[in-house]
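Summary of the model geometry
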Amino acid sequence: MRLTNTTKVALSALRRNKLRSLLTALGIIIGVGAVIAMVAIGNGAKAQIEAQVANLGQNIVQVFPGNFTAGGMRSGWGGASSLTVEDAEAVAREVANVEAVSSEVRDGQQVLANGLNWNTQVLGESPDYLYIRSWPLAAGAMFAESDVKTMGKVAVIGKTVADQLFPNTDPLGATLRIRNIPFKIVGVLGAKGFNLFGQDQDDVVLIPYTSHMKRVSRRTNLSGIVVQAASAESSAAVQADITALLTERRRGREPDFTVRSQVELAQTANESSQTMRRLLLAIACVSLFVGGIGVMNIMLVSVTERTREIGIRLAVGAHGADVLRQFLSEAVILSALGGVLGILFGVGLAHAVKTFLLWPVQISTLWIAISFGVSALVGIVFGFFPAWKAAQLDPIDALRFE
Amino acid sequence: MAAVVKIEEIHKIYDSGEVPVHAVRGVSLEIQRGEFVALMGASGSGKSTLMNLLGCLDRPTRGRYLLDGIDVSGLDRNELADIRNQKLGFVFQGFNLLSRTSALENVELPMMYGRHQLSAREMRERALHSLEIVGLADRSGHFPNQLSGGQQQRVAIARALVNRPEVLLADEPTGNLDSKTSVEVMGVFQKLNDQGITIVMVTHELDIAHYCKRNLILRDGYIVSDVQVKERLLSATELAKLKSAEAEAKLTAH
């Protein structure tokens, strides 16, 4: 029997039981729809995490001070006053594949301007900081190396600070008082939004680290060193080299610092999102499997119902293979149709999630192709047994079947 | 001329139950081209089994079966299917048409399973021609449930003819029909036989057997009688008689 005839016969058989065919296909529709929607949601989450990680800056390696113990009390990470400006200079000077280095001093301060005040993070940084964090300016410019040398009273403010202190006026050129020391606002940062941990990154004031140390916090040590590696590949080496260099500079004392790379962070974030994606996909696969069992069930019913028809076909010369092909193609067409409808359903569901739940979704063309293929495969796998049963029928018994 | 059907010492034993059933016990038979044979017998006489064997739906336990010179007793499932497709045509008691499938498509069915594929147009033309032979060309688009029993059986005959078989096998073809329609259907068979088609039919009605040329009677798996019909009934004459009888009944009713 020709393929066109087989297809025609299969289609007319399915059309005869429209409601039943649709209900059977529903299992596949939901399965395929679930796969596509879940992958879209998972990919959306992955893309969002990747964007947030990239938002931190490119290939960042960070050095944090270690902990210290005083009178039996241990301080926790970052408590030690162990990182110095000299450490940062040594890293910039001696470690290979380092693109830029920023010495960092941070603490919370009440800042005043324009008759208003606001408590915010004041960061002492090097001029390269914005470059390292890939942070664009909305207005003005970043302070320069000369400002670091002269402990210049200049500041660059984040968007949140600008909004809070200068609701109606242009902050550029205005004076901002930190601990009653006037700083001239030379730049306003572009909005960066919330970071991975939900902190508002725009609630910040940047000043030269020297100014921070000498004028604001009177600290002699750094809160951290922010380093940019030349590439993602070299960041592991940079991390190791910094560890080695700083350990050497400690001359046998216990290492009192930690070095973390952004690549690690990205990996952790990716792993957790991957676990979620796998879980979603597993659920979707289970529903596709259940859909396949539905197809098998209905095909078995169909074979029993049409035993006489099978008998007639065998009597007039159909081979077992012809009957097998007929029922198999019916199952495949049924589940492939379910696959097509499922793709539409899944894409629709993904859009609904995007529109109503404001979840970033990314519809994957690859997964559309895969799930269509899988739905056809489900038809073959679950349709085979009923079709094989039909093909094994004895023509005499089948013709006598009531 | 060689016999179109030649069976030699054929046996069929079913041993699916507790006791093996010897349904056909050494039947030998020759049917020549152009014969019109009625196979009769009480239920359990083995006539259905013999019919299944003749129809290549079943294989004999022992013995040889030559159909159109081909030994079919040793063929496998698929080879038998091809023989059924090319050399045999089936007409059943219950018509066995595919429901919700037009008469034309029902008649096209055997051609779909032919080893030599015909074009869709050729299939259509041949199916229409077959329907013409049984006088149903104008009903080609009708579904079985829109046709009377006699018409359905004629569609089944058209289907049996479409692959130009060597032998037409009919299993109680008039069993589900009233007497007048039965005579009409026998008329179709007689017409086909006149055109040279070999027909073997199973029936338990003696009057129906009288439309055939040769009557075989089976009992307990043996052929006990094999006679040529002497006073053969002709469908046309019988129908004319029925018609006049009907007309008379109407007259008297008035």
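Remember, predicted model here, so these are calculated numbers, not experimental data. (Residues numbered from 1 in each chain as written. Chains lettered and ligands numbered in written order. Predicted model: local features only at pLDDT ≥ 70, side-chain atom pairs only at ≥ 80, totals over all residues. Heavy atoms only, no water.)

A few points about a nonpolar patch on the surface
Residue and element names in this part refer to chain A. A contiguous nonpolar surface patch, about 540 Å² in accessible area, is contributed by Leu19, Leu23, Leu26, Ile30, Phe345 and Leu349. Of all the secondary-structure elements, those providing two or more residues to the nonpolar patch are helix H2 (18-55) and helix H11 (320-356). Of all the elements, H2 adds the most residues to the nonpolar patch, at 4 residues. By secondary structure assignment, the location of Leu19 is in helix H2. (Patch = residues over 30% accessible without salt bridge, like charges linked within 9 Å, V, L, I, M, F, W, Y side chains within 5 Å. Areas by Shrake-Rupley, 256 points an atom, 1.4 Å probe, with all protein chains shown as cover. Salt bridge = Lys/Arg side-chain N within 4 Å of Asp/Glu carboxyl O. Helix = DSSP H or I, 4+ residues; strand = E, 2+ residues; numbered from the N terminus.)

Here we look at the domain arrangement of chain A
We note that the domain assignment places domain 1 (2-52 + 268-400) and domain 2 (102-226) within chain A. Between domain 1 of chain A and domain 2 of chain A, the C-alpha centre-to-centre distance is 58 Å. (Domains from an automatic or database assignment.)

A look at the side chain of Asp202 of chain A
Residue and element names in this part refer to chain A. Locating Asp202 in the fold gives a position in the loop between strand S9 (181-189) and strand S10 (204-208). Among the polar contacts listed, one links the side chain of Asp202 to the backbone nitrogen of Gly193, at a separation of 3.0 Å. Filtering out sequence-adjacent residues up to four positions away, Asp202 remains in contact with Trp135, Gly158, Lys159, Thr160, Val161, Gly190, Ala191, Lys192 and Gly193. (Polar contact = N/O pair within 3.5 Å; in protein donor to acceptor, adjacent residues only side chain to side chain. Contact = heavy atoms within 4.5 Å.)

Considerations on the pairing of strand S8 (residues 198-202) of chain B
Residues and elements named next belong to chain B. Burial runs high along S8: 5 of the 5 residues are buried. The alternating pattern of S8 places Thr198, Val200 and Val202 on one face and Ile199 and Met201 on the opposite face, and all of these are buried. Bridging between strand S3 (residues 36-41) and S8 involves 4 bridges; their strand directions are parallel. When the sheet's bridge partners are listed, Leu39 is paired in S8 with Val202. Relative to S8, strand S7 (residues 167-171) is paired through 5 bridges, and the arrangement is parallel. Bridged to Val167 within S8 is Thr198. (Buried < 20%, exposed > 50% of the residue type's maximum accessible area, 1.4 Å probe, protein only. Pairing = 2+ DSSP bridges.)

Quick notes on the packing of helix H3 (residues 103-112) of chain B against helix H4 (residues 120-133) of chain B
Residues and elements named next belong to chain B. Look at H3 against H4: their axes get within 9 Å of each other, and the N-to-C directions meet at 120°. Relative to H4, the element H3 is oriented oblique. In the packing of H3 onto H4, the handedness of the crossing is right-handed. Contacts from Ala103, Leu104, Val107, Glu108, Met111 and Met112 of H3 reach H4 at Met123, Arg124, Arg126, Ala127, Leu128, Ser130 and Leu131. Grouping the amino acids of the contact of H3 with H4 by side-chain chemistry returns 9 nonpolar, 1 polar and 3 charged. (Axes fitted to C-alpha atoms, helices over the stretch in contact; angles between N-to-C directions. Parallel < 35°, antiparallel > 145°, perpendicular 65-115°, else oblique. Left-handed = near helix turned anticlockwise from the far one by under 90°. Nonpolar A, V, L, I, M, F, W, Y, C, P; charged D, E, K, R; others polar.)

Here we look at the interface of chain A and chain B
On the side of chain B, 26 residues touch chain A, which itself brings 25 residues to the contact. Taking both partners together, chain A and chain B bury about 2300 Å²; carbon and sulfur atoms supply 53% of that area. Three residues, Arg16, Val316 and His319 of chain A, lead the burial of chain A against chain B; their summed loss comes to 26% of the area buried on that side. There are 0 salt bridges connecting chain A and chain B. (Buried area = accessible area lost by both parts, 1.4 Å probe.)

Regarding the environment of Gly44 of chain B
Of note, Gly44 of chain B is situated in the loop between S3 and helix H1 (47-54). A C-alpha to C-alpha distance of 27 Å links Gly44 of chain B and Gln32 of chain B, two positions 12 residues apart in sequence.

Description of the sheet that holds strand S5 (residues 70-71) of chain B
Remark on secondary structure: sheet strands pair via backbone hydrogen bonds, oriented parallel or antiparallel. Residue and element names in this part refer to chain B. What the 4 strands build is an open sheet, ordered S2-S1-S4-S5; its pairing is antiparallel. Edge positions in the open sheet fall to strand S2 (21-31) and S5, since each of these has one partner strand only. Sheet strands in contact with H1 are strand S1 (5-14), S2 and strand S4 (62-67), and its direction is about 125° off that of S1.

A short note on the pairing of S7 of chain B
Residue and element names in this part refer to chain B. Burial analysis of S7 places 4 of its 5 residues in the buried class, which makes it a mostly covered element. Direction of pairing for strand S6 (residues 88-91) relative to S7: parallel, over a ladder of 4 bridges. In the strand pairing of S7, Gly89 is matched with Leu168.

Overview of the packing of H2 of chain A against helix H12 (residues 365-391) of chain A
All names here are of chain A. Running from N to C, H2 and H12 point in directions that differ by 155°, and their axes come no closer than 10 Å. Comparing their axes, H12 and H2 come out roughly antiparallel. By crossing handedness, the relation of H2 to H12 is classed as right-handed. On H12, the residues that touch Ile28, Val32, Val35, Ile36 and Val39 of H2 are Trp367, Ile368, Ser371, Ser375 and Val378. In the contact of H2 with H12, the residues fall into 8 nonpolar, 2 polar and no charged.

Here we look at the sheet that holds S8 of chain B
Residues and elements named next belong to chain B. Pairing is mixed in the open sheet, where 6 strands are placed in the order S6-S7-S8-S3-S9-S10. Only two strands of the sheet have a single neighbouring strand rather than two, namely S6 and strand S10 (222-228). Between one strand and the next, the sheet's axes are offset by a mean angle of 20°, whatever the strand orientation. Strands in contact with helix H6 (residues 179-194) are S3, S6, S7 and S8; relative to S8, the strand with the most contacts, it is inclined by about 150°.

Examining H1 of chain B
Residues and elements named next belong to chain B. Of all 8 residues in H1, 7 are buried, a share of seventy percent or more. Buried residues of H1: Lys47, Thr49, Leu50, Met51, Asn52, Leu53 and Leu54, and no others. Where H1 terminates, the next one or two residues include Cys56, which has phi positive at roughly 55°.

Brief notes about the packing of aromatic side chains
The full count for this structure, using the stated rule, is 3 aromatic pairs over all chains. On the basis of an interplanar angle of 20° and a centroid distance of 6.5 Å, the ring pair of Phe385 of chain A and Trp388 of chain A is categorised as stacked. Residue Phe385 of chain A and its partner Trp388 of chain A are both found in helix H12; the two are separated by 3 residues, about one turn of the helix. For Phe385 of chain A, a relative accessible area of 39% puts it in the partly exposed group. Measuring from ring centre to ring centre gives 5.9 Å for Phe90 of chain B and Phe92 of chain B, while their planes differ by 5°; the resulting arrangement is stacked. (Phe/Tyr/Trp six-rings, centres within 6.5 Å; stacked < 30°, edge-to-face > 60°.)

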